[in-house]
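# Per-entry structural report
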Amino acid sequence: MQNHILSIILFAPLFGAIFLLFVPKENKNAIRWVANIFALGGFLISIPLVPMFWAQRYEPGFKFLEGTSNNWIPSIGAGYNLGIDGISFLLIMLTTLLGWISILSSWTAIENRVKEYYVWFLVLQTGMLGVFMALDFFLFFVFWEAMLVPMYLLIGIWGGPRKLYAAIKFFLYTLLGSILMLLGILFLYFHHHTLTNVFTFSIPELYKTAPLIPFNIAIWLFVAFFIGFAIKVPMFPFHTWLPDAHVEAPTAGSVILAGVLLKMGTYGFVRFSLPFFPGVVSHPKVQSWVIALSLIGIIYGALVSLMQKDMKKLVAYSSVSHLGFCTLGIFALNSAGLTGSVLQQVNHGISTGALFLIVGILYERRHTRDIAEYGGISTVMPLYATITMIMFLSSMGLPLLNGFVGEFTILQGAFTANWKWAAWAAPGVVLAAAYLLWLYQRVFFGTVTNPKNEKLHDLTPREILTFVPLIIMALWIGLYPKPFFQILEQPVNQIVQTIHDNSNPNSPANANVRPTADPHKSIVAKASN
Amino acid sequence: MVELTIFALGILLIDLMVPRDWKWINGVGAFIGVAFAALCVWEIQSMSPGGAVGFYNSLQVDRFAIFFWYLFLAAAAIAILMSARYLDIEEEHHGEYYALLLLSVVGMMCMAAGIDVVLIFIGLELMAISTYVLVGFLRRDRRSNEAALKYLLLGAFSSGVFAYGLSLFYGIAGSTNLRDIQRAVSAQNPHNPVLVIALLTTMTGLLFKIAAVPFHQWAPDAYEGAPTSITGFMSVAVKAAAWAMLLRILVFGLFPLRSVYTPVIVIVAIATMTGANFAALTQSNTKRLLAYSSIAHVGYMLLAFVAMGTSQPGTPAFADGFKGILIYLLVYTFMNLGAFAVITSLRQGNVIGDELDDMAGLYQRAPVEAALMLLFLLSLAGIPPAAGFLGKYYIFLSLIESGHYGLASLGVIYSLLGLYYYLKIANAMLIRAPMETERLSVSLGMRCAVGVTALATLVIGIYPEPAIQSVNWSLGIVKSQTARPIRPIRR
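The model shown is predicted, which means the values in this text are computed figures rather than measured ones. Counting starts from 1 at the beginning of each chain's written sequence and moves along it residue by residue. A letter from A marks each chain and a number from 1 marks each ligand, given out in the order of writing. With pLDDT at 70 or above as the cut-off, local features in this predicted model cover only qualifying residues; side-chain atom pairs require 80 or more to be listed or tallied, and sums for whole chains, interfaces and linings still use all residues.

### Structural notes on the overall build of chain A
The secondary structure listing takes helices from DSSP runs of H or I that are at least 4 residues long and strands from runs of E that are at least 2 residues long, numbered from the N terminus. Regarding its fold elements, chain A presents 23 helices and 2 strands. In terms of overall dimensions, chain A is globule-like: its C-alpha atoms have a radius of gyration of 22 Å, near the 24 Å expected for 529 residues. Principal-axis analysis of the C-alpha atoms places the extent of chain A at approximately 75 × 55 × 45 Å. With C-beta atoms placed from the backbone, a residue counts as buried when 20 or more other C-beta atoms lie within 10 Å of its own, as exposed when 12 or fewer do, and as partly exposed for counts between those limits. Every one of the 529 residues in chain A was classed for burial, and the buried ones make up 61%. Taking all contacts inside chain A whose residues are at least 6 apart in sequence as the whole, residues at least 24 apart take part in 79%. Radius of gyration means the value over C-alpha atoms here, while the globule rule gives 2.2 Å times the residue count to the 0.38 power. Note on contacts: each residue gets a C-beta atom placed from the backbone, and two residues are in contact if those atoms are within 7 Å.

### What about the overall build of chain B?
On a plain count of helices and strands, chain B comes out with 19 helices and 2 strands. Looking at chain B residue by residue over its 491 residues, the buried ones come to 59%. Within chain B, counting contacts between residues at least 6 apart in sequence, those at least 24 apart form 79% of the total.

### Description of the confidence of the model for chain B
Mean pLDDT over chain B works out to 83, with 88% of the residues at or above the 70 mark. Scored by ipTM, the complex comes to 0.88, with pTM at 0.90. By definition, pLDDT measures how confident the predictor is in each residue, and it falls between 0 and 100.

### Observations regarding the nonpolar core
For the purposes of this analysis, a nonpolar core is taken to be any set of buried Ala, Val, Leu, Ile, Met, Phe, Trp, Tyr and Cys residues that are connected through C-beta atoms within 7 Å. Within the largest apolar cluster, 398 residues are counted, with the highest numbers of intra-cluster contacts made by Phe72(B), Ala75(B), Ala76(B), Leu101(B), Ala241(B) and Leu377(B). Apart from residues lying up to four places away in sequence, Phe72(B) is in contact with Val105(B), Met108(B), Met109(B), Ala237(B), Ala240(B) and Ala241(B).

### A few points about unusual backbone geometry
Note that the residue after Val233(A), namely Pro234(A), is joined by a cis bond; omega there is -10 degrees. Considering the arrangement of structural elements, one finds Pro234(A) in the loop between helix 10 (215-232) and helix 11 (241-248). With omega at 10 degrees, the peptide bond leading from Val213(B) into Pro214(B) counts as cis. In this structure, Pro214(B) sits in the loop between helix 8 (193-209) and helix 9 (218-225). You will see that His367(A), though not glycine, has its phi angle at about 55 degrees, which is positive. His367(A) gets classed as exposed once you count the C-beta atoms within 10 Å, which come to 8.

### Overview of the environment of Leu436(A)
Residue and element names in this part refer to chain A. Following the sequence through the fold, Leu 436 ends up in helix 20 (residues 419-444). Each C-alpha atom of the pair Leu 436 and Val 149 lies 33 Å from the other, and the pair is 287 residues apart in sequence. With residues near it in sequence (within four places) discarded, Leu 436 still touches Phe 392, Ser 395 and Met 396.

### Considering helix 2 (residues 28-44) of chain A
All names here are of chain A. An expected span of 1.5 Å times one less than the residue number is assigned to each helix. Across its 17 residues, helix 2 extends 24 Å between first and last C-alpha, which sits within 8% of the 24 Å expected from 1.5 Å per residue. When helix 2 is considered as a whole, its buried residues turn out to be Ile 31, Arg 32, Ala 35, Phe 38, Ala 39, Gly 42 and Phe 43. Down the axis of helix 2, the smallest arc covering the buried residues is 140 degrees, so these residues share one side. When the buried face of helix 2 is taken as reference, the exposed residues oriented beyond 90 degrees from it are Asn 29 and Leu 44. This arc is built from the directions going out from the helix axis to the C-beta atoms.

### Topic: the environment of Ala276(B)
Tracing the backbone through its elements, the reader meets Ala276(B) in helix 11 (residues 258-281). With residues up to four places along the chain from it excluded, the contact list for Ala276(B) reads Val213(B), Tyr292(B), Ile295(B), Ala296(B) and Gly299(B).

### Notes on helix 3 (residues 63-90) of chain B
All names here are of chain B. Spanning 28 residues, helix 3 covers 39 Å between terminal C-alpha atoms, matching the ideal 40 Å at 1.5 Å per step. Each residue is assigned a bend, namely the angle between axes fitted to the seven residues that terminate at it and the seven residues that start at it. At Ser 83, helix 3 shows its largest bend, some 40 degrees. Within helix 3, 24 of the 28 residues are buried, leaving the element largely enclosed by the surrounding structure. Glu 91 lies just past helix 3 and shows a positive phi near 55 degrees.

### Some points on the packing of helix 8 (residues 163-196) of chain A against helix 10 of chain A
Residues and elements named next belong to chain A. Helix axes are fitted to C-alpha atoms over the stretch in contact, other axes to C-alpha atoms as well, and angles between N-to-C directions run from 0 to 180 degrees. The interhelical angle for the contact between helix 8 and helix 10, taken along N-to-C directions, is 150 degrees, at an axis separation of 8 Å. When the axes of helix 8 and helix 10 are compared, the pair comes out roughly antiparallel. When you trace helix 8 past helix 10, the crossing you get is left-handed. Residues Tyr 173, Thr 174, Leu 176, Gly 177, Ser 178, Leu 180, Met 181, Leu 183, Gly 184 and Phe 187 of helix 8 lie in contact with helix 10, whose contacting residues are Leu 221, Ala 224, Phe 225, Ile 227, Gly 228, Ile 231 and Lys 232. Classification convention: Asp, Glu, Lys, Arg as charged; Ala, Val, Leu, Ile, Met, Phe, Trp, Tyr, Cys, Pro as nonpolar; all other residues, Gly among them, as polar. Classifying every residue of the contact of helix 8 with helix 10 by side-chain character gives 11 nonpolar, 5 polar and 1 charged. We call two directions roughly parallel when the angle between them is under 35 degrees, roughly antiparallel when it is over 145, roughly perpendicular when it lies between 65 and 115, and oblique otherwise. Take the far helix as the reference: if the near one is turned anticlockwise from it by less than a right angle, the crossing is left-handed, and if turned clockwise, right-handed.

### Considering the environment of Ser106(A)
Residues and elements named next belong to chain A. Take Ser 106: it is sitting in the loop between helix 4 (86-105) and helix 5 (114-133). Taking the C-alpha atoms as reference, Ser 106 lies 7.5 Å from Thr 251; in sequence the two are 145 residues apart. In contact with Ser 106, other than residues within four places in its own chain, are Pro 250 and Ala 252.

### Re the confidence of the model for chain A
Here chain A averages 86 in pLDDT, while 95% of its residues score no lower than 70. Below a pLDDT of 50 lies the segment residues 505-529 of chain A, which in the model reaches 49 contacts outside its immediate sequence neighbourhood of four places, other chains included.

### Thoughts on the packing of helix 19 (residues 402-417) of chain A against helix 20 of chain A
In a packed pair of helices, the relevant descriptors are the angle between the two axes and the axis-to-axis distance. Residues and elements named next belong to chain A. Two elements in contact, helix 19 and helix 20, have axes whose closest approach is 6 Å; the angle formed by their N-to-C orientations is 155 degrees. On the basis of the axis angle, helix 19 is roughly antiparallel to helix 20. Two secondary-structure elements touch here, helix 19 through Glu 407, Leu 411, Ala 414, Phe 415 and Ala 417 and helix 20 through Trp 419, Trp 421, Ala 422, Ala 425, Ala 426 and Val 429. Looking at the contact of helix 19 with helix 20 residue by residue, the classes come out as 10 nonpolar, no polar and 1 charged.

Below, the structure is given as structure tokens:
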């Protein structure tokens, strides 16, 4: 069990998808039950991972290793190689939790082509988990790309009126980024061969050679990876696919898109960009450019959110703003910033996931997301209004809830690096409060002005159930975040150490001649098995 | 050995001419012929490790040739499976169809194994003439007739140019054998005008046969007009044969001239990707769209050829470029035939089935076929875990290894365009409402064809090791990796 737990978690949803294929199409309720059982099962079997991981949270390197670096395609040196550290652990738990919640939330929302919907959703779940678990670049890339297909279909088949446009845009944008990334991966792979005469895609192995690439080449590789990840995050100039995809996607699709898919970009920064190109990311010019884009994203996303008439679009743009905080924390390049960023990624998954569920619930009842259509909902749906308030407060970063912890740590990290960055980011927090409270005011307060809203029924038990775990997590992270910091401590310190060892910010011109004479000793994880 | 294969085919062909009353028996006979030929190749494969030369040094059966032979036979077998029902619907079920199909395979085999330009040329013509007839096989269809005529005229012209180039090489070397030509050419200054003219005319013929821009005009018309099963066969087997011939002549024969022809190939590759991808964007006919897409794939393969042409033999770039072309052809055979098989199955009583609109709502009419078509399309677009990704992987890898970052980036942009037009088909199939509501009836042979190609596409994609091993085997590449400690390079 211990040895194969990652594989079990990874393939449980896929197994469910295959099982679903044999359930007759007409029996919609049976399909829903089976899908929900597998989704819940997928979450439950990931729970034993928590105590197991907790026991070894301070140990260096990747844990729960599986496979070797060339047991899959020996001819090219690709292996089915899995392993996690604190960062991927948190994101995996987030994925299994959100996967279950979003499948639960689609019980009544999806009425046609039910079977395929759940099949694709479960396949998507496996793809996302694979991205976070893979320790082999080839395997990583296969999951990274394969996951696009189910998401494309979820948007394209079960989406809103402009679904075709949104689905194709989503697919093309992300594919552009990922093929550029592929070129970067291939370069690293070939570079490893020139240095060691071994072709391998093993990520721990590449950690050893990638930082040795001279600065003038590494900068281009960084750009290739950066575009790939920045599109996924999405960072400011690459974000235009996001509002379209979110608005058109079905509710559960939006939850997963915001909760997990966007995290792949930030995860890519943390897992690859930083340790592979420490010399580039710590170069003052590169760092300030990326930070500038993050700050623009924070402010721009918040301002655009303020002006939205469509609730879902508002939440979508707020993601751009929140993810700006995450990238700000990452590129502050200190442990506070990185820890805060990873924590904030989890927080964003929880609170924005919940926000999309909230929008989805109203949409399912009224089939409109136009803010002007609503008003005074709190008198009709009091429980719903309460839950919404909690999640809004969590999203805007009120103390005692999860958002505060993440944003505060990020700002702390940014402040340590450069106080101006923190000063520019801080208005983002204020603006978040503004657009969310204003939205709340318009939708929930006052008297019911629209007669169509008078008969709305409050949350059903199933809907309440989708929010319970999210609220528990929000309170836990908000009140007692210490365990999360402990889990992140070791991997974050390792990355910061790598950057510290390899950066030479004072003399970029000398970056070609590296001071690290003995690369074996200095670089990152000795985690290879 | 070789004689055996060809004789076996020949005898089968004569047999095939005779029975006319039970038409489906022709298909079965042809299928058995292909299977028997494959068995013979299997025998040869274990008998000759180094390769054998026959027919007065004109034929060389080496592992390279055997790899291609298997490819041709697989394509022919799948095409036969696709054909039976289709020909019934078209009311053109004749034995000649299968006979010509097999004859063209014999021609292809000569092209892949020939090391004498005369034999290569004969093989080429045998294949080409058979396919001219097959393209025009739907006698009552005007598009088919037009396509055949166009293909014939352009094809004959290009063969003439090709023969002219080869004759100049004969003049230079005094021999028609590729080895003698290589020896003579390497003694010459590569920029000798006669040599350059000979090279360019030969290349014109070769590029015409693989349908590279600007010699591609015949392809969309011929692909659209031909019976759909033949279109599928042409787009994979004929193309693979042309590639085998191109590799034989340019790599085995004229490699000393690579400094001359590689720049030309670069330009042709860029033109091919650009022209084909942009033309494919606007197509509303599925067959035509896939025709342009297959031209675009030629462009990608030419990129790998550029990587080979600009690096020394023995380097990883050369090996990976070579492997890339062969693997691409291998996976392309299955995924493209699969896609054409699905299109062929759309041909029902009163529907031609080659317009994009005919694809609409295919999911409701035939869920399995639509799901597999999605797999083929994703594979063509190079999305893992479908097999097409493997081909793309090798091509990008060889470009990176030989330092062609610009060409690699261009490849990225064009694969995006590619995805866009493949998604157009996918959208029609999965998302749009169907125009007809009746379920699609699919014949057993067609089911086998689609199933086999889909299985191959998926298996090669998920577990590519055997495919890579077989290509390594055919190129005689032995994997040797000895690790040495990391040494930083200083530039």
